[in-house]
Amino acid sequence: MATLHTVNKSPFATQSLLSCLAHAKAGDTVLMIEDGVYGASAGTGLAEAVAGLGGGVTLAVLAPDLKARGIDAARLMDGVKSVDYAGFVDLAATHDRTQSWL
Amino acid sequence: MKFGIVVNEGPYTHQASDTAYNFAKAALAGGHDISRVFFYHDGVNVGTRLSIPPQDDRQIQEQWTALAKEHDLDLVICIAAAQRRGLLDENEATRQGKDANNIADGFRISGLGQLIEMGIQADRTVTFGD
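So, here's what we can say about the structure. Not measured: the values here are computed from a predicted model.

1. Here's the deal with the overall build of chain B
Helix and strand counts for chain B stand at 5 helices and 5 strands. Secondary structure of chain B in N-to-C order comes out as β-α-β-α-β-α-α-β-α-β. In summary, chain B has a C-alpha radius of gyration of 14 Å against a globular reference of 14 Å for 130 residues, a match within 12%. Dimensions along the principal axes, computed over C-alpha positions, put chain B at roughly 45 × 35 × 25 Å. By residue count, 51% of the 130 residues in chain B fall in the buried class.

So, in structure tokens, the structure goes:
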């Protein structure tokens, strides 16, 4: 049973991304949306923690939300998959369930 | 695939009702069905027809109404959350002795049973909120 997790708050504001990554299992995908996209930036104070906890899971980010915040895709952490809304729908369809970390 | 969508955050708060709308639009464009959209907590405020956003801002209620019309979507507003926040349809306004109603086209007021039913009928339920 693979789960798609969505996180919509910045890891610099709440613990939900780090908590989500600590709970996610291998085969799951963690999709960062809305302010959650800040968690996908390389070179931040939390990038190492995100990469370390995200070892067994797929990390993804919603590209329109990155663009809305002026974050260049080139500044993403290695291995983070960038998806559009159609890609978000595909992730929801290909995982068995969705858990929103609100 | 059938998607159920829950919107828990009010419009113009952060981004949840926008993300939910864009997700719904993309799902429909991808050939999926949306069995229902359930507006809960502050999300019920999306369904007022009296909101007047600036012209160059996103028209959240109108977008949902148009999408519902185009795809025959079932947009359900939670009754208990709606009554707390002053959102009434014609029936409820009469029943509660109020002098007006404000629900927008394409939305209907119903109960939590509709949320449970959506969870059973949909293949996936995706929640958007604060």
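Continuing now.
2. Some words on the sheet that holds strand β3 (residues 58-62) of chain A
Residues and elements named next belong to chain A. The parallel open sheet is built from 5 strands, whose spatial order is β4-β3-β2-β1-β5. Sheet topology places β4 (81-83) and β5 (97-101) at the edges, where each strand pairs with a single neighbour. Direction aside, neighbouring strands of the sheet carry axes that sit 25° apart on average.

3. What to know about the sheet that holds strand β4 (residues 107-110) of chain B
All names here are of chain B. Overall, parallel pairing links the 5 strands, which are arranged β4-β3-β2-β1-β5 in an open sheet. Each of the sheet's edge strands pairs with one partner strand only, and the pair in question is β4 and β5 (124-128). On average, adjacent strands in this sheet sit at an angle of 25° to one another, irrespective of strand direction. Where strand β1 (residues 2-7) and strand β2 (residues 33-39) come together, 6 bridges link them in parallel fashion. The residue bridging V7 from the neighbouring strand is F39, located in β2. The strands touched by helix α2 (residues 60-71) are β1, β2, β3 (75-78) and β4; relative to β4, the strand with the most contacts, the crossing angle is about 95°.

Cut-offs and rules
- Residues numbered from 1 in each chain as written.
- Chains lettered and ligands numbered in written order.
- Predicted model: local features only at pLDDT ≥ 70, side-chain atom pairs only at ≥ 80, totals over all residues.
- Heavy atoms only, no water.
- Helix = DSSP H or I, 4+ residues; strand = E, 2+ residues; numbered from the N terminus.
- Rg over C-alpha atoms; globule rule 2.2 N^0.38 Å.
- Buried < 20%, exposed > 50% of the residue type's maximum accessible area, 1.4 Å probe, protein only.
- Pairing = 2+ DSSP bridges.
- Axes fitted to C-alpha atoms, helices over the stretch in contact; angles between N-to-C directions.
- Contact = heavy atoms within 4.5 Å.

Just geometry here; none of it tells us what the structure is for.
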